[in-house]
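Geometric and topological summary
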Amino acid sequence: MSDISNDDAPVKGLRMKDSEQSHDIQRYRHVVVTAFFVLLVTFIAVFVRDDLLLSPLQKGRRSTDTPKYLDTTGKAFPWQSIRLPMSVRPLEYHVLIYPQIHRGEFDGIVEIRAVIEEQTSFIVLHGSGLEIVDTKVMVWDGSGLTSTVRQVKAISVSRKLQMYALEMEETLRRSNNVNITLKFEGKLEKKLSGLYLSNYTTPEGDVKYLATTQFEATGAREAFPCFDEPDMKAKFNLSIVRSRNYIALFNMPLQTSKEFKKDLFVDTFQQTVDMSTYLVAFVVCDYDSVTGITSQGTQVSVYAPSHQISQATFALETAIKVLNFYNRLFGINYPLPKQDLVAIPDFAAGAMENWGLITFRLTALLYDPERSTDTDKEYVIHAIAHELAHQWFGNLVTLKWWNDLWLNEGFATFVEYFGANEVDPTLLSMDRLVQNEMFRAMATDCIDNSHPITAEVSDPNEIGTLFDAISYSKGASLIRMLSNFIAEEKFWSGIKTYLNKYMYSNARTQDLWNMFKDFTQVDVPTLMSTWTKQMGYPVVTMTRQGDSVHVSQERFLLGRDGPKSSSSYKWYIPFRYAVGKTNGIADKLLIIHPDSEVNFPVDQNEVKWVKGNYGMYGYYRVNYEERNWRALIKQLIEEHTVFSAADRAGLLDDVFYLARDDKVSQTTALDMTKYLLNEEDYLPWSVAFSCLEFIRDRIRNKDVYGKIQKYTEKLTSPILTKLGWDDTGSHPEKSLRAAAISFGLVFGHPATIKKGKKNFDIWMQTGKIVNINLKAEIYQSGAQYGGEVESNFLLKKYMEAHVPSEKSALLMALCYTSQTQVIKRLLESAAEDKVIRHQDLSTVIGQLSSNPKGQQLVWQFVKKHWDNIVKWFSSSMFLLPQIIRSSTSFFSTKEQYIEVQNFFASVDTVGCERDIKASLERIQMNINWLKVNEHIVNGWFGSSDNILPNRV
Ligand code: BES
Ligand code: ZN
């Protein structure tokens, strides 16, 4: 390609190198750089927007004279928007890449066949962290038979936009077909996005390396130059160079494998269907695999290091079951010939839905029936069910732009529970959704610095921060609310129509809502837009006045300081309520409109109580007048099972959150807990545990704490006695046993500590765990209530462990340690990325910040390493908000508020400004909570009325 060296390239460092083609790349180039252009004479009609006729620079500078984005020489970059221009559309990529695992670099050639949609003299495309060493642009004539090379006058680079602009000598005309060839080099490093290096250690102590990719959201541009936007779908052809002892995997099956030099092979894969760049993936590793087949003939394989391959069987069985189920559920068969699932030792997220080549962190894929717990198994099922749901929703039909990310993630999160239920109905998946998604989302969506689910993004960094509880959990909860409201069959009919209409293409949130028109009378777009365009959620208040119940709504917003920007929000609320009568329960569904209030009649003589959000399908809270709360509590105490477990959990979550905002008195909330003496279900208990832990975390150092310990010990004693420590009962019972024991340890209940420590000692001495499903709690007992010996033992076991879920349990337990030295060591190791990997840093920080001995150390660590943290996770931005949130979550004084504020004012906040504001808001809430509630809590726990009877 020496003929295309451009000596006029203005950017230092980008001057194309003389063609000293020292790398092997020259030798294998011919294998793929072949004639792949086809005759393209179809007239491509596009709607010409006025602004497309402007030059790129003019367009970006319409509103300002100072350019926002500069190139690397300090001049204005010729394009001034984070979205690519629409003038060039890619059709097909041919990528040839050589990850040189042992040299820590990669090089490659990408040839992009594209069509010029609008006349332009620039080709703007993405690239980040790459060096472009050669470029060539060819234009094909109308017949498609002859091509001419066009000179690239200059290449400029914008680091901020992560783009290259190739300036052409001559204008490219509309409908021209061009062939853009870029030769590039990059570093193959241990990071978590783009094309990166990972490693693992075999039981024999050998360190093995692999090269892998993580492209969502903006990582593809770190591996090869491309048009890295989700609606620029194209077909991908890949050839990878690998050495003999490795295998290579891609989205599609292998087509040919040729040895072109001793021990060096080039593997060429089948061409993909039309797909987005963020879903492209490849892996070069030395793994083993297990394989099976779905009823439709899709070949499913799970890949893992050979010493862990026996832990892959469960994932294989699960994936096949779920694929068979989704083929039926979506009414469209999975379109690719194969689906691989690969375990990656360094992985930022939990798993990634690359089309046909799903990648997972080890704990999300590997399961060892001997050593993993039921919770570990549940995680594997959910991860597989989630990523497979994306193969339709996300991969086949893709969001047009990242502002609709919620639809992708919210939908997959919703569907993953159906998939999980199919694999194992005993998991009670649908109940879990209420807690894991709905309550989780409502807990973060109640502050002023929340954000609407459809978000604007103005910086590539911000895309990453959208992968949060709002997109995932609020998204899933809203979809569930809609599906329940319009009826499930109609919902699935709408989904199928949507998938069929937009397959291999892109859609917006609005396009989905419009699909329901043919199936329901409900004005879905209007109803749903009140939930997607406004942040937060309502609290519905039901007030009984004689024979009528009055229903009104307002935004539920915690915290009282300052004016609230969003307190006037109103929603269309699908509202199901129940009336408890002397002779049974009656329920009804209605819709509350934003601008009108509702009254409905009740018979005064018959009604005992009313309950809103009956069935817990609605994303909102419900409040009542004190008299009704009392009636509900009475009902719970007398016969709690008239309500479903979800409704009981909802009553608890609502009363405690409303009490935090002083909308209900704290004593009413605490009074409700008394019914728990008879509660035997997981869901309400787990809500109660987190509400009581919230109180504990705020008054741990106060005198009243001893009384709270006593109360909670008595409260949990019946259920603990019933469940014992043996591994008996259903999955929810096992979860409840573990949760109740962990709660006892957190609260310092002497009997639980004693038992836990005894079991820890047995494990230390004999290596036996009395109940594998209580492993986390037994480890926790040793870490929290043991000394140096116990913590060091855990540390040693952590370093030796080869079952990923075991390793992770040991690490989580270590975060409970009572030893300051161990905490420091954990943090420093996680910074080093050796014994503890960077992928686990945010979890370690999160876990340590609920350890009273860890909180200050975590905050000091975050301050000291902030610049590094930003560097480590700059392409896995979703981890930064988590780190900001957990490292500041326990602060509750004015001084701490000021310290956090000052610190973040003095550093680079890389697109996390809203998360910082949210953290400050939460600290302020903690300050306020103490002011209002400390004496109430004191009084309640101190009162002789609230001493529970000795039940056991
Ligand atoms: N698409 C995401 C993975 C992802 C997350 C990519 C953040 C880029 C940034 C994937 O579908 C996902 O949601 N994974 C979950 C798995 C979980 C639901 C089991 C995750 O990573 O937590
Ligand atoms: Zn997802």
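It should be emphasised that the depicted structure is a prediction, and the values quoted were computed from it without experimental measurement. (Residues numbered from 1 in each chain as written. Chains lettered and ligands numbered in written order. Predicted model: local features only at pLDDT ≥ 70, side-chain atom pairs only at ≥ 80, totals over all residues. Heavy atoms only, no water.)

**Brief notes about the overall build of the protein**
The criterion, for reference: By definition, any uninterrupted DSSP run of H or I lasting at least four residues is a helix, any uninterrupted run of E lasting at least two residues is a strand, and each is numbered from the N terminus. Radius of gyration means the value over C-alpha atoms here, while the globule rule gives 2.2 Å times the residue count to the 0.38 power. The buried label applies to any residue whose accessible area, calculated with a 1.4 Å probe on protein chains only, is under 20% of its type's maximum; exposed applies above 50%, and partly exposed to all values in between. In this analysis, two residues are considered to be in contact whenever any of their non-hydrogen atoms come within 4.5 Å of each other. Residue burial considers only the protein chains on display, and all accessible areas are found by Shrake-Rupley using a 1.4 Å probe. In summary, the charge assignment counts Lys and Arg as positive and Asp and Glu as negative, without counting His or the chain termini. Think of each charge as sitting on NZ of Lys, CZ of Arg, CG of Asp or CD of Glu.
Along the protein, the regular secondary structure elements total 28 helices and 29 strands. The C-alpha atoms of the protein give 29 Å as radius of gyration, which agrees with the globular expectation for 952 residues (30 Å, within 12%). Overall size of the protein, expressed as C-alpha extent along the three principal axes, is 90 × 70 × 60 Å. Sorting the 952 residues of the protein into buried and exposed places 62% on the buried side. Considering only residue pairs separated by 6 or more positions, the protein has 72% of its internal contacts joining residues 24 or more positions apart. As displayed, the protein has an accessible area near 35,600 Å², and 49% of this comes from carbon and sulfur atoms. Separation of charge centres in the protein, based on 104 positive and 112 negative side chains, amounts to 2 Å.

**Observations concerning the sheet that holds strand E20 (residues 357-361)**
Selection criterion: Strands are treated as partners if at least two bridges between them are detected by DSSP. In this description, a line fitted to the C-alpha atoms serves as the axis of each element, helices being fitted only across the stretch in contact, and the angle between N-to-C directions of two axes falls anywhere from 0 to 180 degrees.
One open sheet accounts for 5 strands, arranged E16-E17-E18-E20-E19; its pairing is mixed. Single-partner strands in this sheet number two, and they are strand E16 (288-293) and strand E19 (351-352). Sheet topology places strand E18 (residues 338-344) next to E20; 5 bridges connect them, and they run parallel. In the strand pairing of E20, valine 342 is matched with threonine 359. Against the sheet, helix H4 (residues 313-330) contacts E16, strand E17 (299-304) and E18, and its axis sits at roughly 150° relative to E17. Packed on one face of the sheet, helix H5 (residues 374-392) meets E18, E19 and E20 and runs near 150° to E20.

**Some thoughts on the coordination of the zinc ion (ligand 2)**
The condition is simple: Distances define the donors: N, O and S atoms within 2.8 Å of the metal qualify, as do those within 3.2 Å of Na, K or Ca. Water is excluded, so some sites may look unfinished.
Only His386 (NE2), His390 (NE2) and Glu409 (OE) from the protein coordinate the zinc ion (ligand 2), and they sit 1.8 to 2.1 Å from it. By relative accessible area, which is 0% here, histidine 390 ends up buried.

**With respect to H5**
For the record, the criterion: Helices are assigned an expected span. That span is 1.5 Å times one less than the residue count. What qualifies as a polar contact is a pair of N or O atoms within 3.5 Å, subject to a donor-acceptor requirement within protein and to the restriction that residues adjacent in sequence count only when both atoms come from side chains.
The terminal C-alpha atoms of H5, which comprises 19 residues, lie 28 Å apart, in line with the 27 Å expected from a rise of 1.5 Å per residue. Among the 19 residues that make up H5, 16 are buried, leaving the element largely enclosed by the rest of the structure. Where H5 begins, one side-chain oxygen reaches toward the backbone nitrogen of threonine 375, 3.3 Å away; that side chain belongs to threonine 373. Immediately beyond the C-terminal end of H5, within one or two residues, lies glycine 394, with a positive phi of roughly 135°.

**What to know about unusual backbone geometry**
In this model, glutamate 216 is joined to alanine 217 through a cis peptide bond whose omega is 0°. With respect to the element layout, alanine 217 can be found in the loop between strand E10 (207-214) and helix H3 (220-223). Backbone geometry places glutamine 162, a non-glycine residue, at a positive phi of 55°. Tracing the chain through its elements places glutamine 162 in the loop between strand E6 (152-158) and strand E7 (163-172).

**Regarding the pattern of salt bridges**
Applicable threshold: The salt bridge criterion pairs a side-chain nitrogen of Lys or Arg with a carboxyl oxygen of Asp or Glu, the two atoms within 4 Å.
This structure, assessed with the given rule, holds 47 salt bridges. One salt bridge connects aspartate 459 with lysine 160, and the closest N-O pair in it is separated by 3.9 Å. With aspartate 459 in the loop between helix H7 (429-444) and helix H8 (460-465) and lysine 160 in the loop between E6 and E7, this pair connects stretches of sequence that are 299 residues apart. Salt bridges sharing partners connect three or more residues here, namely Lys190, Asp346, Asp833 and Arg837.

**Focus: the packing of aromatic side chains**
As a reminder, the rule being used: Stacked, edge-to-face and tilted labels apply to pairs of Phe, Tyr and Trp rings (six-membered ring for Trp) whose centres lie within 6.5 Å, assigned for plane angles under 30 degrees, over 60, and everything in between, in that order.
Across all of its chains, the model carries 55 aromatic pairs by this definition. Both rings, one in phenylalanine 418 and one in tryptophan 492, keep their centres 5.6 Å apart while their planes meet at 85°; by these two values the pair is edge-to-face. Residue phenylalanine 418 is located in helix H6 (residues 405-423), and its partner tryptophan 492 is located in helix H10 (residues 488-502); the two are separated by 74 residues in the primary sequence. An identical accessibility class is assigned to phenylalanine 418 and tryptophan 492; each is buried. Consider the rings of tryptophan 859 and phenylalanine 891, whose centres lie 5.7 Å apart with planes at 85°: the pair is edge-to-face. Of this pair, tryptophan 859 sits in helix H25 (residues 855-872) while phenylalanine 891 sits in the loop between helix H26 (879-888) and helix H27 (894-905); the two residues are 32 residues apart in sequence, bridging distant segments of the chain. According to the relative accessible area criterion, tryptophan 859 is buried, its value standing at 1%.

**Let's talk about the site of ligand 1**
This is how it is decided: When at least one non-hydrogen atom of a residue lies within 4 Å of a molecule or strand, that residue is treated as near it.
By nearness alone, 17 residues border ligand 1, and Glu216, Gly350, Glu353, Glu387 and Tyr472 come closest of all. Here an oxygen atom of ligand 1 and a side-chain polar atom of histidine 386 are 2.9 Å apart. Taking glutamate 387, its side chain carries an N or O atom lying 2.7 Å from an oxygen atom of ligand 1. Compared with its free state, where it exposes 510 Å², ligand 1 has 87% of that area covered by protein. Those elements that place two or more of their residues in the shell around ligand 1 are E19, H5 and H6. A per-element tally of the shell around ligand 1 places H5 first, with 5 residues.

**Observations concerning the nonpolar core**
In plain terms, the rule: Side-chain atoms within 4.5 Å are what join buried Ala, Val, Leu, Ile, Met, Phe, Trp, Tyr and Cys residues into a set we call a nonpolar core.
Of all hydrophobic cores here, the largest spans 319 residues; its most connected members are Ile180, Tyr326 and Phe575. Membership of the second largest hydrophobic core comes to 6 residues, among which are Leu96, Tyr98, Val241 and Leu264.

**Points about helix H12 (residues 524-532)**
Along H12, 8 of the 9 residues are buried, which leaves the element largely enclosed by surrounding structure. Val524, Pro525, Leu527, Met528, Ser529, Thr530, Trp531 and Thr532 are the residues of H12 that are buried. Of the surrounding elements, those touching the buried residues of H12 are H6, helix H9 (469-486), helix H11 (509-515), strand E23 (538-545), strand E25 (573-581) and strand E26 (584-592).

**Focus on the side chain of aspartate 468**
In this structure, aspartate 468 sits in the loop between H8 and H9. Arginine 914 provides the closest opposite charge to the buried, unpaired aspartate 468, separated from it by 4.3 Å. If sequence neighbours within four positions are ignored, aspartate 468 has contacts with His451 and Arg914.

**Quick word on the sheet that holds strand E14 (residues 264-269)**
The strand order across the open sheet formed by 8 strands is E5-E4-E8-E2-E1-E11-E14-E13, and the pairing between neighbours is mixed. Whereas interior strands pair on both sides, the edge strands pair on one side only; in this sheet they are strand E5 (147-150) and strand E13 (254-261). On average, adjacent strands in this sheet sit at an angle of 20° to one another, irrespective of strand direction.

**Brief notes about the pairing of strand E4 (residues 130-140)**
With 10 of 11 residues buried, E4 is to be regarded as a mostly interior element. The pairing of E4 with E5 spans 4 bridges and is classified as antiparallel. Across the sheet, the residue bridging to tryptophan 140 is serine 147, located in E5. Following E4, the chain reverses through 6 residues before pairing antiparallel with E5; glycine 144 in that reversal takes a positive phi of roughly 75°.

**Comments concerning the environment of phenylalanine 184**
Structurally, the position occupied by phenylalanine 184 is in strand E8 (residues 177-187). Classification of phenylalanine 184 as buried rests on a relative accessible area of 1%. When the C-alpha positions of phenylalanine 184 and serine 143 are compared, they lie 31 Å apart, and in sequence the two are 41 residues distant.

None of this, on its own, says anything about what the molecule does.
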